[in-house]
Amino acid sequence: MSNKTTITLYDALQEMRTISEEGGTFSLRHRKYDRQRNIGGDLAIIPAARMRPQAKDEQIRDAHRKLFYVDTETGEAKVCWHCLIMEFNGKRVII
């Protein structure tokens with residue numbers, strides 16, 4: 001069994017929100033998935049991310065199940081599914 005610290009998805013999202021509101025960044029690892037093209041599985045490693053405003057379900061399908069963030073190193077706006085978040089600030093995320 002791994003000695004890596006774990007954090008629940010809910011707690012990770014709360015910490016991401018707090019860090020982002022304070023102007024900081026967090027590291028994130030997640031699996032990619034594109035529902036329209038039905039492809040994914042690649043690992044995205046984001047060393048410095050910041051949450052951006054959450055979209056509404058009326059605007060983007062299942063928005064409440066997604067993390068909207070900015071990769072602060074590239075300036076790119078990104079989205080990932082909550083269930084595909086694997087690691088936050090070095091902690092393994094559990095659902």
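See the structure printed just above.
This section reports on the structure supplied with the text. (Residues numbered from 1 in each chain as written. Predicted model: local features only at pLDDT ≥ 70, side-chain atom pairs only at ≥ 80, totals over all residues. Heavy atoms only, no water.)

### A word on unusual backbone geometry
The phi angle at Asp62 is positive, at roughly 60°, despite the residue not being glycine. Take Asp62: it is sitting in the loop between strand 3 (39-51) and strand 4 (66-71). You can call Asp62 buried: its relative accessible area is 17%. (Helix = DSSP H or I, 4+ residues; strand = E, 2+ residues; numbered from the N terminus. Buried < 20%, exposed > 50% of the residue type's maximum accessible area, 1.4 Å probe, protein only.)

### Remarks on the nonpolar core
The biggest cluster of nonpolar side chains holds 18 residues, and the ones touching the most others in it are Met16, Phe26, Leu28, Leu67, Ile85 and Phe88. Taken together, the elements giving at least two residues each to this core come down to helix 1 (9-21), strand 2 (26-34), strand 3, strand 4 and strand 6 (85-88). Look past the residues within four positions of Met16 in its chain and what remains in contact with it is Phe26, Leu28, Met51, Leu67, Ile85 and Phe88. (Core = buried A, V, L, I, M, F, W, Y, C linked by side-chain atoms within 4.5 Å. Contact = heavy atoms within 4.5 Å.)

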